[in-house]
Number of protein chains: 2
Amino acid sequence: MICEIISVGTEVVTGDIIDTNAPYLSKELISLGIDVMFRVSVRDDDETIRQALTLAKERSDLIITIGGLGPTYDDFTKEEVASVNGLKLVRDEKIALKIKDYFEKTGRVMTENNLSQADIIEGSNPIDNDNGTAPGILLEKDGKTFILLPGPPNELKPMFENKIKPYLINKTGKFILERTVKLSGIGESFVENDLKDLILKVKNPIIATYAKTGECHVKLTAEGNTMEEAQKILAPYLEKVEIRFSKYIYGYDSDTLSGKAVELLKKKGMKVSFCESCTGGFISKTITDVPGASDVFDCGMVTYSNEMKSRLVGVSPIALSKVGAVSEEVAHQMAKGVRCLSGADIGISVTGIAGPGGGSDEKPVGLVYMGFSTPTSTVTKRFHFRGNREKVRQSTVNAVLSALINYLK
Amino acid sequence: MICEIISVGTEVVTGDIIDTNAPYLSKELISLGIDVMFRVSVRDDDETIRQALTLAKERSDLIITIGGLGPTYDDFTKEEVASVNGLKLVRDEKIALKIKDYFEKTGRVMTENNLSQADIIEGSNPIDNDNGTAPGILLEKDGKTFILLPGPPNELKPMFENKIKPYLINKTGKFILERTVKLSGIGESFVENDLKDLILKVKNPIIATYAKTGECHVKLTAEGNTMEEAQKILAPYLEKVEIRFSKYIYGYDSDTLSGKAVELLKKKGMKVSFCESCTGGFISKTITDVPGASDVFDCGMVTYSNEMKSRLVGVSPIALSKVGAVSEEVAHQMAKGVRCLSGADIGISVTGIAGPGGGSDEKPVGLVYMGFSTPTSTVTKRFHFRGNREKVRQSTVNAVLSALINYLK
């Protein structure tokens, strides 16, 4: 099956936004055994979109469009897909009702153009959008398949994962089994190098590595004629990966560092508190990304100045003037201080230099100390992260969550 | 001048790498008044590349290719650009010498295929690559212009900035002026509806709206024969937008809500502190995204439970049991509490229900109270945000920063 992805959106062509949807879809489709051959970006212009669709219809079997499904004047995708297939748009009353409801519930005024999102291509299947108002569209005509997806990544990804992927798996007639092993504390190039033999030589399952800040994911995709066959093919390679990287594994598939941390804390009936300096609230924010975090977290402090470190969590002013805020000693006191103050089982602190300013020869940008305090002991760890301010802070958050997970396991 | 960008590279089509070169080039070209109309990604396959170039030659005036200039067997770009123009490749001895030199200097062994990088299209101009071995190529033929650029961003960007941009500015003879007006607290469909007349009727400047969570940007792009002319064309429309949306404007161009807030606080020599519940540290994290935030921020509290609200910032336990944590009264006490505790000039609190759980008929998911405390007064504001947990939290952060900016202006 030859697949073409068309990203519709002037802001994509002009470079005002970077298209992350198309690479995401490409990876997913290829892991399903679908050949993504062409990727095109076009502006929000009806004629241009129509030309791109006409060409796609000639050379591809599966055409996926991204964007242009909204309620505004320059949203043309549905019209043009209808047009190149000689079809009309029809209003779906069920969707129209859902849209009206949504605006009522949130107390917002609905402008008339919002209802255009309820117009679908005749003969097509609308695809529910659980994260936005514009439904997706699935159209099968003349041996071609068109899938129209909404532009915002937080709407496109769940829609693809939950609705499109199962449909495509069914369509290809194959059974695909995917397993992602999530690693923390090891770089992608190490992992890739270690798995080089498997990545190059083994065609089924496909083994691929993905780098994220502070994490590396190993995805195995096995293909078989039945689910049992796919499982049999996957199992030995999954085991190889688990053995090779056992001490770095924190979870699988949709696990996240924060989700895993909250899960393990809940299991043990423990609470954690944070005292942050350089991360400025990022760790507390990340833990509370997880619904139900209130079972395991109730206190976070952002002590962004020396004075606040003393005043709020009792760090000694003498230590601060002697060794400075970015030091083992201060990290130690911050962690112990917030644990005692909050009554949590674990208190974790971070103090460091996120950059771009603030570094020196002795204490460079990226230097971070973490304090980890429990009733039995308080230890510290030193890190030197690379990258810009954002990267240093994100790496720190991930290192803290990894440390928490490792302690709890 | 109609421009098309062709990214050559299998790893781009498969999504293994995210193409940042094309968006970068698009932005630069558009700011030079060159209409980037099409963006295409193709695999490292000679036939596919040739087809893409043939189509490009029909519909575009300026064709820019990215990648495929290297020494390996799957680098086809030069060959195919030569082919669609009926030209040959000829070895440039000066470049060949430069390549041989480079390998000697760095003590690396040169394989024969490396010399293929010295083959250029007959009649073209090679473009020096100061950061790699493969030169770029500039070819003008039959009224079309082809520019072949290397794939690695650290080679492409300097080459474009230093060599291509001056050439293109000279070629177009136009001046482009861009201005983005940034709004907060108003949805994109309202803004677009209001500007409908201008967006549709006015061709110069081009006016477009872009939606972000909690924000809406209005971009105006004017074109003239001189910079003064472009400015004259832009000014009246910029003024119209400013008048229509005056109470929602928080900044321009590269301003961000957090950056603007920090800037205004610095100007006034003021400090802010936050007491967060539902946002869990997100506001403090966002303020500290800005380098230099330590001049205006030193204390953030995450009081994620009722007990912590009492213990850390002095919220009355009676109020908590009477009206609950998500209430005007508690928001009021949290804001006042953190301000007095920290000694900051402004204390801001948020307490609400981020979801997905925790909502009720009386207090639904998305309900958030903000407290805003200064030495002269403490006020509260009620919000009802829509969307999932992430959206509610992000919307809350943006609403707080908007309120802070409005107060400071």
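As the structure is a computational prediction, the values presented were derived from the model and not from experiment.

Student: Could you clarify how one ought to interpret the interface of chain B and chain A in this entry?
Tutor: One frequently used descriptor of interface size is the decrease in accessible area upon assembly of the parts. Each partner contributes residues to the interface: chain B has 64 residues there, and chain A has 68 residues. When the area that chain B buries against chain A is broken down by residue, the three leading residues are Arg-39, Tyr-304 and Arg-386 of chain B, summing to 11%. On inspection of chain B and its partner chain A, the count reaches four salt bridges. Of the charged contacts in the structure, one is a salt bridge between Asp-16 of chain A and Lys-219 of chain B, with a shortest N-O distance of 2.6 Å. Classifying every residue of the side of chain B that touches chain A gives 25 nonpolar, 21 polar and 18 charged. Both strand E2 (residues 35-42) of chain A and strand E2 (residues 35-42) of chain B contribute to a ladder of five bridges, which runs antiparallel. Bridge pairing links Val-42 of chain A to Phe-38 of chain B in E2 of chain B.

Student: Is there a simple way to explain the side chain of Thr-288 of chain B in this structure?
Tutor: The residue Thr-288 of chain B is located in the loop between helix H11 (282-287) and strand E14 (297-303) in this model. Dropping the residues within four chain positions of it, Thr-288 of chain B is found in contact with Thr-279, Gly-280, Tyr-304, Arg-389 and Arg-393 of chain A together with Ala-293 and Phe-297 of chain B.

Student: I would appreciate a short explanation of the pattern of salt bridges in the present structure.
Tutor: Side chains that carry opposite charge are capable of pairing whenever their charged atoms lie near each other. Residues and elements named next belong to chain A. Counting across every chain of the model gives 48 salt bridges over all chains. One salt bridge in this structure joins Asp-197 and Arg-244, with 3.5 Å as the shortest N-O distance. Taken together, the residues span a long stretch of sequence, with Asp-197 in helix H8 (residues 196-201) and Arg-244 in helix H9 (residues 227-244) at a distance of 47 residues. Take Asp-197: its relative accessible area is 33%, and that puts it in the partly exposed class. The network of salt bridges with shared partners includes Glu-28, Glu-161, Lys-165, Glu-178 and Lys-219.

Student: Would you mind going over the sheet that holds strand E10 (residues 206-212) of chain A with me for this structure?
Tutor: Sheet strands pair by backbone hydrogen bonding; their relative direction is either parallel or antiparallel. Residues and elements named next belong to chain A. With respect to topology, four strands assemble into an open sheet ordered E10-E11-E9-E12, the strand pairing being antiparallel. Edge positions in the sheet fall to E10 and strand E12 (249-252), since each of these pairs with one other strand and no more. Here the average twist between neighbouring strands, direction ignored, is 20°. Two strands pair when backbone bridges link them, and strand E9 (residues 175-184) and strand E11 (residues 215-224) are joined in this way by ten bridges, in the antiparallel orientation. For Glu-178, the partnering residue across the bridge sits in E11 and is Thr-221.

Student: Is there a simple way to think about the layout of surface pockets in this case?
Tutor: Picture a little ball the size of a water molecule; that probe, rolled over the atoms, points out where space is still empty. All names here are of chain A. The computed volume of the second largest pocket comes to approximately 630 Å³. In terms of lining residues, the second largest pocket is bounded by 28 residues, among which Ser-184, Gly-185, Phe-383, Ala-399 and Ser-402 are the most central. For the lining of the second largest pocket, the elements supplying multiple residues, two or more each, are E10, strand E16 (367-373), strand E17 (378-384) and helix H15 (389-408). Per element, the largest residue contribution to the lining of the second largest pocket is eight residues, and it comes from H15. In terms of residue class, the lining of the second largest pocket is built from eleven nonpolar, ten polar and seven charged.

Student: Just to check I follow, could you spell out the packing of aromatic side chains for this structure?
Tutor: Given two aromatic rings, their pairing is described by the distance between the two centres and the angle made by the two planes. Tallied over the full model, the rule gives twelve aromatic pairs over all chains. When the centroid spacing of 5.2 Å and the interplanar angle of 55° are considered together, the rings of Phe-372 of chain A and Tyr-407 of chain A count as tilted. Of the two residues, Phe-372 of chain A sits in strand E16 while Tyr-407 of chain A sits in helix H15, which places them 35 residues apart along the sequence. Summarising the aromatic geometry, the rings of Tyr-24 of chain B and Phe-160 of chain B are spaced 6.0 Å apart at their centres and angled 80° between planes, so their arrangement reads as edge-to-face. Here Tyr-24 of chain B is found in helix H2 (residues 21-31), whereas its partner Phe-160 of chain B is found in helix H6 (residues 153-172), with 136 residues between them in sequence. Of the two residues examined, Tyr-24 of chain B and Phe-160 of chain B, each falls in the buried class. Through successive ring pairs, a cluster of aromatic residues spans Phe-274 and Phe-297 of chain A together with Tyr-304 of chain B. Its end group placed over the ring of Phe-282 of chain B, Lys-285 of chain A keeps NZ or CZ at 4.4 Å from the ring centre.

Student: Is there a simple way to think about the nonpolar core in this case?
Tutor: Soluble, globular proteins show a tendency: their nonpolar side chains are buried together. Membership of the largest hydrophobic core comes to 56 residues, with the highest contact counts inside it found for Ile-6, Leu-53 and Ile-121 of chain A together with Ile-6, Leu-53 and Ile-121 of chain B. Those residues in contact with Ile-121 of chain B, other than ones at most four positions away along the chain, are Lys-78, Val-81, Ala-82, Leu-87, Lys-88, Leu-89, Ile-137, Leu-139 and Leu-148 of chain B. By size, the runner-up hydrophobic cluster in this structure holds 37 residues, among which are Phe-274, Ile-283, Ile-348 and Ile-405 of chain B.

Student: Please explain the confidence of the model for chain A as it appears in this structure.
Tutor: One rule of thumb: low pLDDT means the predicted coordinates there are not for detailed reading. When the pLDDT values of chain A are averaged, the result is 92; 100% of them are 70 or greater. Reported confidences for the modelled complex are a pTM of 0.77 and an ipTM of 0.77.

Student: What am I meant to see in the environment of Ala-399 of chain A here?
Tutor: Residue and element names in this part refer to chain A. If you trace the backbone, Ala-399 turns up in helix H15. The exposure class assigned to Ala-399 is buried, which follows from its relative accessible area of 15%. Taking the C-alpha atoms as reference, Ala-399 lies 9.4 Å from Glu-215; in sequence the two are 184 residues apart. Excluding its chain neighbours within four sequence positions, the residues that come into contact with Ala-399 are Phe-383 and Phe-385.

Student: Please clarify how the sheet that holds strand E11 (residues 215-224) of chain B should be interpreted in this entry.
Tutor: All names here are of chain B. Reading across from one edge, E10-E11-E9-E12 is the order of the four strands in this open sheet, with antiparallel pairing throughout. Since the sheet does not close on itself, it has two edges, and those belong to strand E10 (206-212) and strand E12 (249-252), each with one partner. If you compare each strand with its neighbour and ignore which way they point, the axes differ by 20° on average. Across seven bridges, the pairing between E10 and E11 is antiparallel. From the neighbouring strand, Thr-209 faces E11, where its bridge partner is Val-218.

Student: What should I look at first to understand helix H10 (residues 257-268) of chain B in this one?
Tutor: All names here are of chain B. Helix length check: H10, at twelve residues, gives a terminal C-alpha distance of 17 Å against a target of 16 Å (1.5 Å per residue), a fit within 8%. Looking only at H10, the buried set comprises Leu-257, Ser-258, Lys-260, Ala-261, Val-262, Leu-264 and Leu-265. Gly-269 lies just past H10 and shows a positive phi near 60°.

Calculation criteria
- Residues numbered from 1 in each chain as written.
- Chains lettered and ligands numbered in written order.
- Predicted model: local features only at pLDDT ≥ 70, side-chain atom pairs only at ≥ 80, totals over all residues.
- Heavy atoms only, no water.
- Contact = heavy atoms within 4.5 Å.
- Buried area = accessible area lost by both parts, 1.4 Å probe.
- Salt bridge = Lys/Arg side-chain N within 4 Å of Asp/Glu carboxyl O.
- Nonpolar A, V, L, I, M, F, W, Y, C, P; charged D, E, K, R; others polar.
- Pairing = 2+ DSSP bridges.
- Helix = DSSP H or I, 4+ residues; strand = E, 2+ residues; numbered from the N terminus.
- Buried < 20%, exposed > 50% of the residue type's maximum accessible area, 1.4 Å probe, protein only.
- Axes fitted to C-alpha atoms, helices over the stretch in contact; angles between N-to-C directions.
- 1 Å grid on protein atoms, 1.4 Å probe; cavity = no way out; pocket = protein on both sides within 12 Å on 5 of 7 lines; lining within 4 Å.
- Points joined across faces, edges and corners; volume = space filled by probe spheres on them.
- Phe/Tyr/Trp six-rings, centres within 6.5 Å; stacked < 30°, edge-to-face > 60°.
- Lys NZ or Arg CZ within 6 Å of the ring centre and 35° of its normal.
- Core = buried A, V, L, I, M, F, W, Y, C linked by side-chain atoms within 4.5 Å.
- pLDDT = per-residue confidence, 0-100.
- Expected span 1.5 Å × (residues − 1).

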